[in-house]
Amino acid sequence: MKTAYWQGVFPAVTTQFKKDQSLDLEATARHVEALLDSGVAGLIFLGSLGENQALLPDEKRRCIEAMVRVVNGRAPVLSGVAENSTAAACRYIRDVERLGANGFMLMPAMLYRGDPRETMAHFRAAAQVTALPIMIYNNPISYANDITPEMFAELAEVKNFVALKESSGNTRRITDIYNLLGDRYAIFTGVDDLVLESAILGIDGWVAGSGIAFPAENQYFWELTRRGDWIKAREIYQWFTPLLHLDVHPKFVQYIKLAVQECGLGSEWVRAPRLPLVGDERKQILKIIGDGIARRPKQRRGRAA
């Protein structure tokens, strides 16, 4: 039976800010405690939802250093790597390894649509500077670099590439990867409103976005998929789906942070150029969140027994 290196729910954690856009590491830590209490298997800081590219280099390092202390070994701490150059990515990985991170979620170089040869070179160079495990993040919709199953096969020789976050939006890719590579990688989905479909196809984990506002329900839903209780999972998914749709919009950071705020787990403040929602858009998203809160399932649980 396959035993993946990483498996389960690894939420993408928001970076909490104060109203003046300065870091609020205490608020981030409070949210982390709620996520850990729900039973998550790992935590990913400074991904897209963590507003990685809006943070200064020193802020990123301060955030990881603080969260390593907060988590204190209770779950793996991963950091997103979203730099504009290969050199900057390598420098960041070295620094964050020294700060105590347990692994990385590696994105292609930002701001450049590389060809496959360049994308692969970036990944290989980043992996060479650490022995820590790495999750490769494939999101061609957002980052214009598509890592195909055939490219994953070429990277399979790099031992510390242990997991894939497959966010192409094409669930066919999951089966294509398994058919080509068997259990070489742990496969995670990063598309919230395809998680049930992906779970049926046999994924190992979920980089959850919208669910960070509803950690107990999020974990309960995931555990239903692990047990193969598809009827109950489908019932929860129907409640969850309008909230999960918030994860696949260009303003997903604002939407999810607003949900986190409405659930009492943080604040909506974002780092410019993002701005908090206003007007009709804000009312529309608040209604989706409010409806979700009002109809949240009564049968919930946190950490698995």
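Residues numbered from 1 in each chain as written. Predicted model: local features only at pLDDT ≥ 70, side-chain atom pairs only at ≥ 80, totals over all residues. Heavy atoms only, no water.

1. Here's the deal with the packing of helix α1 (residues 25-38) against helix α2 (residues 57-71)
Part 1: Between α1 and α2, the least distance of the axes is 10 Å, while the angle of their chain directions is 40°. By the angle class used here, α1 and α2 are oblique. Crossing geometry of α1 relative to α2 is assigned as right-handed. Between α1 and α2, the residues in contact are L25, T28, A29, V32 and E33 and R62, C63, A66, M67, V70 and V71, respectively.
Part 2: Of the residues in the contact of α1 with α2, the class split is eight nonpolar, one polar and two charged. (Axes fitted to C-alpha atoms, helices over the stretch in contact; angles between N-to-C directions. Helix = DSSP H or I, 4+ residues; strand = E, 2+ residues; numbered from the N terminus. Parallel < 35°, antiparallel > 145°, perpendicular 65-115°, else oblique. Left-handed = near helix turned anticlockwise from the far one by under 90°. Contact = heavy atoms within 4.5 Å. Nonpolar A, V, L, I, M, F, W, Y, C, P; charged D, E, K, R; others polar.)

2. Digging into the packing of aromatic side chains
Part 1: Inspection of the entire model under this criterion finds 12 aromatic pairs.
Part 2: Judged by centre distance (6.4 Å) and plane angle (80°), the rings of F123 and F161 are edge-to-face. Linking F123 in helix α4 (residues 116-128) with F161 in strand β6 (residues 161-166), this pair joins segments that are 38 residues apart in sequence.
Part 3: Since its relative accessible area comes to 0%, F123 is described here as buried.
Part 4: The interplanar angle of 80° and the centroid separation of 6.0 Å between the aromatic rings of W206 and F221 together place this pair among those described as edge-to-face. Highlighted residues: W206 in strand β8 (residues 205-206) and F221 in helix α9 (residues 215-227), separated in sequence by 15 residues. Across this residue pair, the class does not change: W206 and F221 are buried.
Part 5: Here the aromatic cluster, defined as three or more aromatic residues joined through ring pairs, consists of W206, F214, F221, W222, Y237, W239 and F240. (Phe/Tyr/Trp six-rings, centres within 6.5 Å; stacked < 30°, edge-to-face > 60°. Buried < 20%, exposed > 50% of the residue type's maximum accessible area, 1.4 Å probe, protein only.)

3. So, α2
Part 1: Here α2 spans 21 Å end to end across 15 residues, near enough to the 21 Å set by a 1.5 Å rise per residue.
Part 2: Every buried residue belonging to α2 is among E59, K60, R61, C63, I64, A66, M67 and V71, and all of these are buried.
Part 3: Of the surrounding secondary structure, the elements contacted by the buried residues of α2 are α1, β2 (43-45), β3 (77-81) and α3 (86-98). (Expected span 1.5 Å × (residues − 1).)

4. Quick notes on the sheet that holds β2
Part 1: Across the sheet, which stays open at both edges, the eight strands sit in the order β1-β8-β7-β6-β5-β4-β3-β2 with parallel pairing between neighbours. On the outer flanks of this sheet lie β1 (8-9) and β2, each paired with one strand and no other.
Part 2: This element, α2, spans β2 and β3 of the sheet and lies at about 160° to β3.
Part 3: Against the sheet, α3 engages β3 and β4 (103-106), with an angle of about 165° to β3. (Pairing = 2+ DSSP bridges.)

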